[in-house]
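# Inside the fold
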Amino acid sequence: MIGSLLSCKGFNANDYEALSTKVTQFAARLVKKVDQCRMVMWCSHLFYDYAGGYQNAQRALECLQRSLKIADVCVSSNPINLQLFIDILDTYLYHFEKKNPLITDKFISGLIALINEHISNVGGNPLVSDAKAHFSLIVKYIGEKKNDPHFSPVICN
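A short tour of the structure in this document, coming up. It should be emphasised that the depicted structure is a prediction, and the values quoted were computed from it without experimental measurement.

Once that is clear, we can look at the environment of Gly 123. By the secondary structure assignment, Gly 123 is in the loop between α6 (105-122) and α7 (129-144). Here the alpha-carbon distance between Gly 123 and Lys 33, two residues 90 residues apart in the chain, equals 24 Å.

Next up, the structure:
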């Protein structure tokens, strides 16, 4: 549904925002919290089109923050859902790289610290090894980008 809406270019700004808002509201009502989290995270793309379409940086940030709240509930109830935080970090990084003005290095650094904290709480649980590996690759990617002045303030520890 999100991909279809992103590919529609004939709407005026008010109609597009109304449709995007409705999709986000429906995403937040999904039965499973894990599905809610991922869908609300993906809805952030509806509110900031980097191809020059509709751009509302505040709404994109709100979707990401809402998905973080849902992910926190999911991880608190079941540590195996750690992958949600890592997927959200990936999405934050996407928006950060595309220079969404409201997604700053502080959000990325804070999320990395949060994930590191959850990883230390989970310990050696083998069920989260894929999530840990994915997180390591993201941190490595950020480290490789440290020469870019946009990425230099991001703290990966």
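On to the pattern of salt bridges, then. Any two side chains of opposite charge can pair, so long as their charged atoms come close to each other. Tallied over the full model, the rule gives four salt bridges. One salt bridge in this structure joins Glu 62 and Arg 59, with 3.6 Å as the shortest N-O distance. Remark: Arg 59 and Glu 62 occur in helix α4 (residues 57-77); sequence separation between them is three residues, near one turn of the helix. One salt bridge in this structure joins Lys 145 and Glu 97, with 3.4 Å as the shortest N-O distance. Of the two residues, Lys 145 is situated in the segment after α7 and Glu 97 in helix α5 (residues 83-97); the sequence distance between them amounts to 48 residues. What makes Lys 145 partly exposed here is its relative accessible area of 27%. Overall, Glu 97 belongs to the partly exposed group, its relative accessible area being 29%. Three or more residues joined by partner-sharing salt bridges are found here, namely Glu 17, Arg 59 and Glu 62.

Moving on: the side chain of Asp 105. Tracing the backbone shows Asp 105 in helix α6. With no salt bridge to any partner, buried Asp 105 finds its closest opposite charge in Lys 106, at an N-O distance of 4.5 Å. In contact with Asp 105, not counting residues within four places along its chain, are Phe 96, Pro 153 and Val 154.

Cut-offs and rules
- Residues numbered from 1 in each chain as written.
- Predicted model: local features only at pLDDT ≥ 70, side-chain atom pairs only at ≥ 80, totals over all residues.
- Heavy atoms only, no water.
- Helix = DSSP H or I, 4+ residues; strand = E, 2+ residues; numbered from the N terminus.
- Salt bridge = Lys/Arg side-chain N within 4 Å of Asp/Glu carboxyl O.
- Buried < 20%, exposed > 50% of the residue type's maximum accessible area, 1.4 Å probe, protein only.
- Lys, Arg positive; Asp, Glu negative; His and termini not counted.
- Contact = heavy atoms within 4.5 Å.

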